[in-house]
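Residues per chain are reported as follows:
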Amino acid sequence: MTDTSVIISSVQITELIDLVKKFHGFDFSGYTKASLKRRITRIMQLKKLSFYDLKHTLVNDPHFFQDFLEEITVNVTEMFRDPSFYKALNNQVVPYLSTYQHSKIWCAGCSTGEEAYSLAILMREAGLSQKSFIYGTDINTEVLKEARRGIYSLRNIKSYAENYQFTGLKGSISDNFTILYDAASIHNELKQNTLFSVHNLVSDGVFNEFQLISCRNVFIYFETDLQERILDLFYKSLCHLGYLCLGSKETIRSDAFKKKFKVINQKENIYQKIGA
Amino acid sequence: MGPDKNLLERWHDAEILLLGGSAGSFKLLFHIVKSLSPAINKTVIIVIHRKKNFFSEIEKLFAENSRMLLREVVDKDTLNKNTIYIAPANYHTLIEKDGTFGLDVSDAVWYSKPSIDVTFESAAEVYKERCIAILLSGANQDGAEGLLKLKQSGATTIAQHPEDAEMDEMPRAAINIGAAQYILHTDEIFNLLQTE
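Criteria and thresholds
- Residues numbered from 1 in each chain as written.
- Chains lettered and ligands numbered in written order.
- Predicted model: local features only at pLDDT ≥ 70, side-chain atom pairs only at ≥ 80, totals over all residues.
- Helix = DSSP H or I, 4+ residues; strand = E, 2+ residues; numbered from the N terminus.
- Rg over C-alpha atoms; globule rule 2.2 N^0.38 Å.
- Buried ≥ 20, exposed ≤ 12 C-beta atoms within 10 Å, placed from the backbone.
- Contact = placed C-beta atoms within 7 Å.
- Pairing = 2+ DSSP bridges.
- Axes fitted to C-alpha atoms, helices over the stretch in contact; angles between N-to-C directions.
- Core = buried A, V, L, I, M, F, W, Y, C linked by C-beta atoms within 7 Å.
- Domains from an automatic or database assignment.
- Nonpolar A, V, L, I, M, F, W, Y, C, P; charged D, E, K, R; others polar.

This next bit is on the overall build of chain B. Across its full length, chain B holds 7 helices and 9 strands. Taking 196 residues into account, the globule formula puts the C-alpha radius of gyration at 16 Å, and chain B, at 15 Å, falls close to it. Counting only C-alpha atoms, chain B reaches 45 × 30 × 30 Å along its principal axes. Across the 196 residues in chain B, those meeting the buried criterion constitute 52%. In chain B, once contacts between residues fewer than 6 apart in sequence are set aside, the share between residues at least 24 apart is 70%.

The next point concerns the sheet that holds strand 6 (residues 194–198) of chain A. Residues and elements named next belong to chain A. Pairing within the open sheet is mixed, and its 7 strands lie in the order 6-2-1-7-8-10-9. Single-partner strands in this sheet number two, and they are strand 6 and strand 9 (261–265). On average, adjacent strands in this sheet sit at an angle of 20° to one another, irrespective of strand direction. Pairing of strand 1 (residues 103–108) with strand 2 (residues 132–138) involves 6 bridges; the strand directions are parallel. Bridge pairing in strand 2 places W106 opposite Y135. In the packing of helix 7 (residues 141–149) onto the sheet, the strands contacted are strand 2 and strand 6, and the crossing angle to strand 6 comes to about 170°.

Right, let's talk about the nonpolar core for a bit. Ranked by size, the top nonpolar core spans 126 residues in total, and within it I46(B), C131(B), A133(B) and L147(B) carry the most contacts. Summarising the domain contributions, this core has at least three residues from each of domain 1 (10–72) and domain 2 (83–273) of chain A. Aside from chain neighbours lying at most four places away, what touches I46(B) is L19(B), L29(B), I84(B), Y85(B), I86(B) and A87(B).

All names here are of chain A. With domains assigned, chain A is organised as domain 1 (10–72) and domain 2 (83–273). The centre of domain 1, based on its C-alpha atoms, is set 28 Å off from the matching centre of domain 2. Across the contact, 8 residues belong to domain 1 and 9 residues belong to domain 2. At 3 residues, helix 4 (residues 64–72) tops the list of elements feeding residues into the side of domain 1 that touches domain 2. When grouped by side-chain class, the residues that make up the side of domain 1 that touches domain 2 number 2 nonpolar, 4 polar and 2 charged.

Encoded structure:
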């Protein structure tokens, strides 16, 4: 049940964004406001804080910001979310990746790691485990800890298994983890091919050169100006003819970047870097 | 928009038509989509509950039978007149102040993603009295709270008559919390939507 008593204004949202930037160095000004407002309202309800209390706690309680960050960023993710995307990736992109000596993949905004491991599984199924490496990044250190741990609840795995069925990949998703009571632990073989580290898409720059960047359901939280800045970061981080994957309801809107990326799959939003 | 206005005037003045439905509303929504004419001069937003991995071809079926443009919402789409927008499965659909759609993959609300509450509340904040919303058949309570927010913001709110709804829990939930200004039978809903 939503608590109808919490109402905050757009002015207050701006005030909070300024405060967070000033005291914690995180810039949320380019985030979409409707979603941000919903998240902040939720934090106030969960923690039973008035707007004044929220500001006060953000400034004075050093541990609170981590909680705030976890709530303000959406960390809902799945393994093999949008199975048709993985199918397209496997059919249209993986054959090209296999021609490289080594493929570096960046899963940007990886949250608790489900998508990064999905990509690792995809590469393993393609026989490219030894020739690929996956970098998962997020702004949130707590979710990255979970990603490194690679332990997921068995209840979620059931729905991931359903997704996996629709990907057309061979084998079974359960080949990739060990079941311990009510949890599934990702095999070390897959973990060895991944590295999870902090990176803020808003403020951090290029850190490596990649053959594939997957940034799915992250752009939906960013306004178009910020999306464009991050497209530039991705463009600079991709090798010539490298691939960029966005979420299935996300798209490149900027004319400048439409010219720099060729559409490989319109429905699944898979692009390829072209030009110099 | 004052309370003295009658429903037809409210319908005529509204710029955004919101339709929410769940179990038992699919056929009805199909017929509504089929009946809508561009002459109503509104942006139509449909939120219907569905399962994430069932590519139910809703858009295709609806689009083939619609006289208006119809599309599934893509991130940052602009809300255009005479277009029917369908909230995509496995996302919440929000409306931004600049008149564009935003999407969100956060937790389901009432086990539903898309949630009708989320879209209705968001429309209430941005478009207020410029909205008219209809909550149709469904087997849970999603949409009731959102309809209440719309009513509080000055929008016109309608629930399908529970006797006519294949599943009456959803419209009943809205009526119980006083979110529905009008309770209309299915034929009355059609009559209203036909008015140009």
